[in-house]
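# Tertiary structure, described
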Amino acid sequence: MSNSPLFTSQPSRPPTNHHGFHVLPDKLALLLDKCRNLNQILQIHAVILRHGHENSSILNFKLQKSYSSLGHLDHSFTLFKRTSNPDVFLYTSIINAHSSRGLKFQAFELFVHMLIQGVEPNAFTFSSLLKSCLIKDGILLHSQVTKLGLDENLFVRTGLLDVYAKGCDVESARQLFDTMLDRSLVASTAMLTCYVKHGCLDDARLLFDGLEEKDVVCWNVMIDGYTQYGKPNDALMLFEQMLKAKLKPNEITVLSVLSSCGLLGALELGKWVHSYIVNNKIRLNVHLGTALVDMYAKCGSLEDARLVFDGITRKDIVIWNSMIVGYAMHGFSEEAFHLFDELCKMGLHPTDITFIGVLNACAHAGLVSEGKKFFGLMKNQYNLKPKVEHYGCMVNLLGRAGHLEEAYELIKGMDVEPDSVLWGTLLSACYLHNKFSLGEEIGMFLIDKNLASDGTYVLLSNMYAKEGNWDNVAKTRAIMKKKGIQKEPGCSSIEINNKVHEFIAGDRNHPKTKTIYKKLEEMNRLLKDHGYSPQTETVLRDVEEKKKEQCLGVHSERLAIAFGLISTSPGCTIKIVKNLRVCTDCHTVTKLISKITGRRIVVRDRNRFHHFEDGVCSCGDYW
Ligand code: ZN
Ligand code: ZN
């Protein structure tokens, strides 16, 4: 509308006479309220014209409103243009129609025109404008509103608060909110959203808990906040409270909860949510389908992920990507490649995520030449510029396969800046393949360039320990102590009866600690009977041999496995989620436990899934 000659072509007509309505206009006004489609409005519009009521401001207002509320902004706007001397109601209604559709420039243009015409805006004009405006316009409107004495109006205030909240201006939003006499639920929700966006989760929770009435939107904002900021346990606890408060979760709730289940590996709860979707007839669209595929894959149930995937009829690239990434995570490279071929055959274009999926599939199976093929395909056929994550997959693939020099060359030739994660990948490959001199060179280079992360020092120190270079271990440890660097504590979780139990290394806080440690001792005896001896080389020298064994023995996943063994019936699969990579010793032990107890044990570590069964792991000891 910006370049339309609308305001100049306005026909000049005498002002509308409001008085002396016949019965007819009133009836027409009532009929307009009941219109359900364009045809009905057009018919009434024709009657209005035929009876000469085109100057009735009430009928014009209702017509204009009916057109826009049924989605025919063009008709509504044409009518507005034809109206002579529109009043504040007509202006506000047309501004609102534009603003609600996000057409903020048009809305402001109309507002300016209104001021030029000398029509004074009211509170509703401002609250309409605020719906679509950005923070800088919001500040301008705020001062206008104050001048006109409308700043105490609840709708205006809520609108302003919403603008500040969307612009992440927590302080201004908080000031408005704190001085509000009557806080509507809309205002509280806007404030809550504002807190959550900046990650002020504690402020948000305080406000949330203080709200007398909470609708599903409030609950969603809070639950999603916890999910986004990596607090899946809090998200799930709140979800439980939401159900207890008899509120009905909607699609948005379900999306957050599924994402949290995936993070925690909470399969039972995830399944419950799935059946909730089915039982409550929430439409299983492609977004929900993707969330379910993602959750099932992360919770270790690829079969369920595939079932959901196959059931979605109109698949977009995002759901294909989720399924491919899922297969890759579990080391099912053939299936990932197969899906890649299929989606290309269907005419879909792989995205950079698709390539992360297939490259990871290559890395987890040690398929170097396939990896190189996909890397080339991505650049040459699909014109996708590799990001640092793609280089990460390649360095991981080459590094694990022992092609360390090639991986190093690849990093040096990159046209994007390598990050500490990428260097860490190469460094751990050096550690794995005992390439200590290259590892040390890289480590020193990173320290020199101030790129060393906590992980760099930990890897260096582990590398020296493996090499038996105790002087350098001591030196590295001294630097670490000075810098306050600690190894990230290992943490494993297991879901039993819909509840997620977390264990950190050496944990003694669980209510069943005694039984857990008794089970651990029993397992250790059995392990020794099966010829197991602990690999203590990576544990530092100043710890005596006996203690080293104890350190390894209480790695968090062992506590979780022991708890799993005592809490589930024989034959049940045990599923563990771990925050770090599984160490070689625990990997060996888990294989043996699967053989001794006849249990399937599924472990998701930082990189991938391990399915342990009858003494063998699905990763083929390649992880
Ligand atoms: Zn371990
Ligand atoms: Zn494994």
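Calculation rules
- All residue numbers refer to positions counted from 1 along the written sequence of the respective chain.
- Working convention: letters from A go to chains and numbers from 1 go to ligands, in the order in which they are written.
- Given that this is a predicted model, residues contribute local features only at a pLDDT of at least 70 and side-chain atom pairs are listed and counted only at 80 or more, while totals for whole chains, interfaces and linings are drawn from all residues.
- Excluding hydrogens and water, the side-chain figures rest on all heavy atoms present in the structure.
- Stacked, edge-to-face and tilted are the three classes for Phe, Tyr and Trp ring pairs, Trp counted by its six-membered ring, which pair at centre distances within 6.5 Å; planes under 30 degrees apart are stacked, over 60 edge-to-face, the rest tilted.
- The numbering of helices and of strands both runs from the N terminus, where a helix is a DSSP run of H or I of at least 4 residues and a strand a run of E of at least 2.
- Here the term buried applies to any residue with accessible area under 20% of the maximum for its type, exposed to any over 50%, and partly exposed to those in between, with areas from a 1.4 Å probe on protein chains only.
- Working rule: Lys NZ or Arg CZ, within 6 Å of ring centre, within 35 degrees of ring normal, means a charge sits over the ring.
- Water is not part of the atom set, so a site may look incomplete; the donors themselves are N, O and S atoms within 2.8 Å of the metal, or 3.2 Å for Na, K and Ca.
- The rule is simple: four donors are tetrahedral if all their angles sit between 85 and 135 degrees, four are square planar and six octahedral if opposite donors span more than 155 degrees and the others lie between 65 and 115, and anything that fits none of that is irregular.
- Contact between two residues is taken to exist if any of their heavy atoms lie within 4.5 Å; hydrogens are not considered.
- Put plainly, a pocket is an open set of points on a 1 Å grid over the protein atoms alone with protein on both sides within 12 Å along at least five of seven lines, a cavity is a set where a 1.4 Å probe fits but cannot get out, and a lining residue has an atom within 4 Å of a point.
- Grid points are joined across faces, edges and corners, and a volume is the space filled by probe spheres set on the points.
- Here the axes come from fitting lines to C-alpha atoms, over the contacting stretch only for helices, and the angles between their N-to-C directions go from 0 to 180 degrees.
- By definition in this entry, angles of less than 35 degrees are roughly parallel, angles greater than 145 are roughly antiparallel, angles of 65 to 115 are roughly perpendicular, and the rest are oblique.
- Residue polarity is assigned by list, with Asp, Glu, Lys and Arg as charged and Ala, Val, Leu, Ile, Met, Phe, Trp, Tyr, Cys and Pro as nonpolar; anything else, Gly included, falls into the polar class.
- Here, nonpolar core refers to any group of buried Ala, Val, Leu, Ile, Met, Phe, Trp, Tyr and Cys residues whose side-chain atoms link them within 4.5 Å.
- Whether two strands pair comes down to DSSP finding at least two bridges between them.
- The definition of a right-handed crossover adopted here requires that, viewed with the strands pointing away, the path from the first strand over the helix to the second runs clockwise.
- Take the far helix as your reference; a near helix turned counterclockwise from it by less than a right angle gives a left-handed crossing, and one turned clockwise gives a right-handed crossing.
- These domain boundaries are the output of an automatic or database domain assignment.
- Summed over both partners, the accessible area (1.4 Å probe) lost when two parts come together is defined as the buried area.
- Working rule for helices: expected span equals 1.5 Å times residues minus one.

### Quick look at the packing of aromatic side chains
- According to the stated counting rule, one finds 18 aromatic pairs in the structure shown.
- Ring plane angle 65 degrees and centroid distance 5.8 Å describe the contact between Phe 111 and Phe 126, whose orientation is recorded as edge-to-face. With Phe 111 in helix H6 (residues 104–116) and Phe 126 in helix H7 (residues 123–130), this pair connects stretches of sequence that are 15 residues apart. The pair Phe 111 / Phe 126 is uniform in exposure class, with both members buried.
- Plain terms: the ring middles of Phe 355 and Tyr 382 are 6.0 Å apart, the flat faces sit at 55 degrees to each other, and that makes the pair tilted. In this pair, Phe 355 is assigned in helix H21 (residues 352–365) and Tyr 382 in the loop between helix H22 (368–380) and helix H23 (388–400), connecting sequence segments 27 residues apart.
- Here a set of aromatic residues connected by ring pairs shows up, and it is made of Phe 337, Phe 340, Phe 355, Phe 374 and Tyr 382.
- One cation-aromatic arrangement involves Lys 412 over Tyr 408; the distance from NZ or CZ to the ring centre is 4.4 Å.
- Lys 466 extends its terminal NZ or CZ atom over the ring of Tyr 431, reaching a point 4.2 Å from the ring centre.

### Details of the coordination of the zinc ion (ligand 2)
- Taken together, His 587 (NE2), His 610 (ND1), Cys 617 (SG) and Cys 619 (SG) make up the protein donors of the zinc ion (ligand 2), found 2.0 to 2.3 Å from the metal.
- Around the zinc ion (ligand 2), the four donor atoms sit at angles spanning 102 to 116 degrees, and that spread fits a shape best called tetrahedral.
- In the primary structure, the donors to the zinc ion (ligand 2) are separated according to the pattern H-x22-H-x6-C-x1-C. One end of the pair, His 587, is in helix H32 (residues 584–597); the other, Cys 619, is in the segment after strand S6 (616–617), and 32 residues separate them in sequence. For the pair His 587 and Cys 619, a shared accessibility class is recorded, and that class is buried.

### Thoughts on the environment of Phe 340
- Following the sequence through the fold, Phe 340 ends up in helix H20 (residues 333–345).
- Given a relative accessible area of 3%, Phe 340 falls into the buried group.
- As a C-alpha pair, Phe 340 and Asn 321 span 19 residues in sequence and 8.8 Å in three-dimensional space.
- With residues up to four places along the chain from it excluded, the contact list for Phe 340 reads Ile 324, Pro 350, Thr 354, Phe 355, Val 358, Phe 374 and Leu 377.

### As for empty space enclosed by the protein
- In this structure the tally under the stated criterion is two cavities of 30 Å³ or more.
- Taken as a whole, the largest cavity holds about 50 Å³ of empty space.
- For the lining of the largest cavity, the elements supplying multiple residues, two or more each, are strand S3 (574–578) and strand S4 (601–604).
- With three residues, the top contributor of residues to the lining of the largest cavity is S3.

### Digging into the coordination of the zinc ion (ligand 1)
- Within the first shell, the zinc ion (ligand 1) binds the protein through His 555 (ND1), Cys 583 (SG) and Cys 586 (SG), at distances of 1.9 to 2.3 Å.
- In the primary sequence, the donor residues of the zinc ion (ligand 1) line up as H-x27-C-x2-C. Of the two residues, His 555 sits in the loop between helix H30 (545–553) and helix H31 (556–567) while Cys 586 sits in helix H32, which places them 31 residues apart along the sequence.
- Assessed through its relative accessible area of 22%, His 555 is described here as partly exposed.

### A closer look at the side chain of Thr 476
- Here Thr 476 lies in helix H28 (residues 470–483).
- You can call Thr 476 buried: its relative accessible area is 5%.
- Not counting residues within four places of it along the chain, the set of residues in contact with Thr 476 comprises Tyr 457, Leu 460, Ser 461 and Tyr 464.

### Description of the packing of helix H29 (residues 513–529) against H32
- Contact geometry of H29 with H32 gives a least axis separation of 10 Å together with a crossing angle of 90 degrees. Taken together, the axes of H29 and H32 are roughly perpendicular relative to one another. Where H29 abuts H32, its residues Met 523, Leu 526 and Leu 527 lie against Val 589, Leu 592, Ile 593 and Ile 596.
- Looking at the contact of H29 with H32 residue by residue, the class counts come to seven nonpolar, no polar and no charged.

### Section: the nonpolar core
- If you look at the biggest cluster of nonpolar residues, it comprises 136 residues, and the most contacted ones within it are Leu 161, Leu 426 and Ile 442.
- What Leu 426 contacts, discounting residues up to four positions off in sequence, is Val 395, Leu 404, Ala 407, Tyr 408, Ile 411 and Ile 442.
- Counting 29 residues, the second-largest nonpolar core is a separate cluster that includes Leu 527, Leu 559, Val 582 and Phe 612.

### Describing the pairing of S4
- Side chains Ile 601 and Val 603 project from S4 onto one buried face, and the interleaved Val 602 and Arg 604 project onto a second face that is buried too.
- In this sheet, S4 lies alongside S3 in parallel orientation, the contact comprising four bridges. Bridged to Val 577 within S4 is Arg 604.
- Considered for its hand, the β-α-β crossover made up of S3, H32 and S4 is right-handed.
- Note that S4 and strand S5 (residues 609–613) share four bridges and pair antiparallel.

### Some details on the packing of helix H16 (residues 267–279) against helix H17 (residues 286–298)
- One can describe the packing of H16 onto H17 by two numbers: an axis separation of 10 Å at closest approach and a directional angle of 160 degrees. Accordingly, the angle class assigned to the pair H16 and H17 is roughly antiparallel. Between H16 and H17 lies a crossing of left-handed hand. Residues Leu 267, Gly 270, Lys 271, His 274 and Ile 277 of H16 form the contact with H17, whose own contacting residues are Leu 288, Leu 292, Met 295 and Tyr 296.
- A breakdown of the residues in the contact of H16 with H17 according to their chemical character gives six nonpolar, two polar and one charged.

### Regarding the domain arrangement of the protein chain
- Domain boundaries assigned for the protein chain yield domain 1 (7–178), domain 2 (214–308) and domain 3 (491–617).
- At the interface, 13 residues of domain 2 touch 10 residues of domain 3.
- In this assembly, domain 2 packs against domain 3 so that about 940 Å² is buried in total across both faces, 46% of it on carbon and sulfur atoms.
- Contact with domain 3 buries area across many residues of domain 2, yet Leu 264, Glu 268 and Gly 300 alone supply 37% of it, more than any other trio.

### A closer look at helix H3 (residues 57–69)
- Between its first and last C-alpha, H3 extends 18 Å over 13 residues, near the 18 Å set by a 1.5 Å rise per residue.
- Directly after H3, the chain includes Gly 71, whose backbone phi takes a positive value near 90 degrees.

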